[in-house]
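A closer look at the structure
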Amino acid sequence: KQEVTQIPAALSVPEGENLVLNCSFTDSAIYNLQWFRQDPGKGLTSLLLIQSSQREQTSGRLNASLDKSSGRSTLYIAASQPGDSATYLCAVMISGGSNYKLTFGKGTLLTVNP
Amino acid sequence: ETGVTQSPTHLIKTRGQQVTLRCSSQSGHNTVSWYQQALGQGPQFIFQYYREEENGRGNFPPRFSGLQFPNYSSELNVNALELDDSALYLCASSLELSGNEQFFGPGTRLTVL
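Rules and cut-offs
Residues numbered from 1 in each chain as written. Chains lettered and ligands numbered in written order. Predicted model: local features only at pLDDT ≥ 70, side-chain atom pairs only at ≥ 80, totals over all residues. Heavy atoms only, no water. Helix = DSSP H or I, 4+ residues; strand = E, 2+ residues; numbered from the N terminus. Rg over C-alpha atoms; globule rule 2.2 N^0.38 Å. Buried < 20%, exposed > 50% of the residue type's maximum accessible area, 1.4 Å probe, protein only. Areas by Shrake-Rupley, 256 points an atom, 1.4 Å probe, with all protein chains shown as cover. Contact = heavy atoms within 4.5 Å. Pairing = 2+ DSSP bridges. Axes fitted to C-alpha atoms, helices over the stretch in contact; angles between N-to-C directions. Buried area = accessible area lost by both parts, 1.4 Å probe. Salt bridge = Lys/Arg side-chain N within 4 Å of Asp/Glu carboxyl O. Nonpolar A, V, L, I, M, F, W, Y, C, P; charged D, E, K, R; others polar.

Section: the overall build of chain A
- Within chain A, the secondary structure is distributed over zero helices and 11 strands.
- Counting from the amino terminus, helix and strand elements in chain A follow one another as β-β-β-β-β-β-β-β-β-β-β.
- Taken over the C-alpha trace, chain A has a radius of gyration of 14 Å; the compact-globule value for 114 residues is 13 Å, and the two agree within 12%.
- Each of the three principal axes of chain A carries a C-alpha extent, and together these read 45 × 30 × 20 Å.
- Across the 114 residues in chain A, those meeting the buried criterion constitute 43%.
- Summed over all atoms, the accessible surface of chain A reaches about 5300 Å², with 48% contributed by carbon and sulfur.

Listed below in structure tokens is the structure:
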């Protein structure tokens, strides 16, 4: 059974700091890995998707890496801003026979202080 | 191109009642997946529909059921509501039954009293 773990559960940093969020998964047989952002009480906003054959993806101040063999991914946020405060979720797509589903971690709650 | 939409936005029900949540998939997407996100948890896979057929479900009891219509929109039905069913219900659509990216709707917040 695929399990996804995110460390740390919560993180508080001052504005301008660079930071790394970690995600690990137990089964390397994944199709892709995705990082999402979730604001309180809201739905999911997709940030980056890394296909299983890729090593990293970048979008603006965000960079996500994937090491499938070791079951790890990191999300790097450069020059953090108060607007980055949210919960960040990592999810891996796996095949459960004929269906394709996402397995999520519990998220990292990020607070960026002005 | 219209994204994934869900209705209603919020819903309050009492224990034992039944509820229907609705999802319209992104244009051209024929696969819909439903997820339940309890407070403080990551979303959990409920089931997936492909071309109007259920195509796999997670660890949810039979009182969670669904439908997919010819236009690929979908419904999630929950019977005999329990307090623990209070959660954010997320719908995601994707293109074909494959490892393609799933695109999420804004969710429906269900509160069971």
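With respect to the side chain of Thr 108 of chain A
- One can find Thr 108 of chain A in strand E11 (residues 108–113).
- In this structure Thr 108 of chain A touches Gln 6, Ile 7, Pro 8, Ala 9, Ala 10, Leu 11, Leu 21, Ala 86, Thr 87 and Tyr 88 of chain A, once residues within four positions along its chain are discounted.

Here we look at the sheet that holds strand E1 (residues 5–7) of chain B
Residue and element names in this part refer to chain B.
- The strand order across the open sheet built from four strands is E1-E3-E8-E7, with neighbouring strands paired in antiparallel fashion. The outermost strands of the open sheet, each flanked by one partner alone, are E1 and strand E7 (64–68). Within this sheet the neighbouring strands show an average axis-to-axis angle of 20°, counted without direction.
- Sheet analysis places E1 next to strand E3 (residues 19–24), joined by three bridges and oriented antiparallel. Directly across from Thr 5, in E3, lies its bridge partner Ser 24.

Notes on the interface of chain B and chain A
- Each partner contributes to the interface: chain B provides 22 residues, whereas chain A provides 21 residues.
- Ranking the residues of chain B by area buried against chain A places Gly 99, Glu 101 and Phe 104 of chain B at the top, with a combined share of 27%.
- Inspection of the region where chain B meets chain A yields zero salt bridges.
- When contributions to the side of chain B that touches chain A are tallied by element, the ones reaching two or more residues are strand E4 (31–37), strand E5 (44–50), strand E6 (53–57) and strand E9 (87–94) of chain B.
- Of the residues forming the side of chain B that touches chain A, the biggest block, three residues, is contributed by E4 of chain B.
- Here the residues of the side of chain B that touches chain A sort into eight nonpolar, 12 polar and two charged.

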